[in-house]
Amino acid sequence: MTLELGGRGNGTAIVWAGRALTHADLDDAIEQWPHLPVHDASALDLPEALICVFAAARRGSAVRVEDPAARPERPANIDPDAFLLVATSGSTGRPKPLERTAASWVDSFPEFTEITDIRPTDSVLITGPLHATMYLFAAVHALWLGACVTDDPAAATVVHAVPAVLRDVVGRMPNVRVAIAAGAGLDSAAVQSISAGETRLVDYYGSAELSLVAARVMGEHSSLRLLRDVEARIEDGYLFVRSPYSALGSTGWFGVGDLAELRGRDLLVHGRGDAAINVGGTTVIAEDAENILTALDGVRAAAAIGSPHAILGETVCAVVELDGTRDLDRIRADARAIMAKEALPRKWTVVEQLPRTASGKIARKALL
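Please read all numbers here as calculations on a predicted model, not as lab measurements.

Caption draft 1: View of the packing of helix α1 (residues 23–32) against helix α2 (residues 46–59). Close contact between α1 and α2 brings their axes to 9 Å; oriented N to C, the two are set at 60°. Put simply, α1 runs oblique to α2. Of the two possible hands of crossing, α1 and α2 adopt the one that is right-handed. Each of Leu-26, Asp-27, Ala-29, Ile-30, Glu-31 and Gln-32 in α1 lies in contact with α2, whose residues at this interface are Ile-51, Phe-54, Ala-55, Arg-58 and Arg-59. Taken together, the residues of the contact of α1 with α2 break down into six nonpolar, one polar and four charged.

Below, the structure written as structure tokens:
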């Protein structure tokens, strides 16, 4: 399966910053794009970046889609099979360069379409930069399907976002039909607020190295389910995945670095192993603590990190963004009422804004 545009004619393909391109406009622009051995879409505005990506695919060339402000150190020799030259998000350290073939994404598009129910008639809202692979995947999939890519929440019917963004943006989408969360686990507050209407809420798990691994439709499945052609196993509590959608060099059994449980084809992901906090011999998963904290009234976002302790080894510290509706003392009291004592933060720090990567994930290294 090759990467080509799914739309034709005068249907709208991209609406961005007040500019509209039809599918015919997009196809013409792709044909006219300069022929280069390696393309670079990193610093381009979204319409030109997507034209560049599809032009590279059409000509069998490679294309860089990297953060211009934090480019990864990339080997001089590019794999001859490489199409996308991208990078990890850097949420747990320096971005790592990756190379992937067009097929490693395109072959997953039919199943992703089936899971999400995105249609050619949809307008798909992109809420982050294309150098974050979840947003590049979303935009490329939309154009492959023949849907429209947009930055206008009022006109969009589908949205891709990290959970921290999703709750806010869905409230500004009067025509929302499908909401897709990735990049971090969905907290209960986001699930309740979005699922209250008719919106189809999809949660998927993956990584820049592996692409899609597992997904679920809220209200239909209680757990993430592995994609049909994806295999997984658990070793010493850690998740290993073998997938046809992997980046070059990440084939075979790839260690994701996440703690997880596997029950048949159902996957329960606890979070990064390097974000686990050992409190007196009890392992507290940072993401689990964060989900509880974020669901508290008055908390906009939260991060849980470990702090050294002479007796317990570590204790949990909370760094929180508040929404101004409640003071910290009341929030701490709510946390004491529902959290296990090992997971309960011993120290609380209020910040105006948590440090985040370009994709919207919490940048943990910046908090340590």
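Past the structure itself, the notes keep going.
Caption draft 2: Here's a closer look at the side chain of His-39. Structurally, His-39 can be placed in strand β3 (residues 38–40). With sequence-adjacent residues up to four places away left out, His-39 is seen in contact with Trp-33, Pro-34, Cys-52, Ala-56, Arg-59, Ser-61, Ala-62, Val-63 and Arg-64.

Caption draft 3: View of the sheet that holds strand β6 (residues 97–100). In spatial order, the strands read β3-β4-β5-β6; together these four strands make up an open sheet with mixed pairing. The open sheet is flanked by β3 and β6, the only strands paired with a single partner. Neighbour-to-neighbour, the strand axes of the sheet open up by a mean angle of 30°, direction not taken into account. In terms of strand pairing, strand β4 (residues 62–64) meets strand β5 (residues 84–87) through two bridges, oriented parallel. Paired with Val-63 across the bridge in β5 is Leu-84.

Caption draft 4: Structural detail: the environment of Tyr-238. For Tyr-238, the location among the structural elements is in strand β15 (residues 238–242). Since its relative accessible area comes to 32%, Tyr-238 is described here as partly exposed. As a C-alpha pair, Tyr-238 and Glu-261 span 23 residues in sequence and 8.2 Å in three-dimensional space. Apart from residues lying up to four places away in sequence, Tyr-238 is in contact with Arg-233, Gly-257, Asp-258, Leu-259 and Gly-273.

Each value, and the rule that gives it
Residues numbered from 1 in each chain as written. Predicted model: local features only at pLDDT ≥ 70, side-chain atom pairs only at ≥ 80, totals over all residues. Heavy atoms only, no water. Axes fitted to C-alpha atoms, helices over the stretch in contact; angles between N-to-C directions. Helix = DSSP H or I, 4+ residues; strand = E, 2+ residues; numbered from the N terminus. Parallel < 35°, antiparallel > 145°, perpendicular 65-115°, else oblique. Left-handed = near helix turned anticlockwise from the far one by under 90°. Contact = heavy atoms within 4.5 Å. Nonpolar A, V, L, I, M, F, W, Y, C, P; charged D, E, K, R; others polar. Pairing = 2+ DSSP bridges. Buried < 20%, exposed > 50% of the residue type's maximum accessible area, 1.4 Å probe, protein only.

These figures come from the coordinates and say nothing about function on their own.
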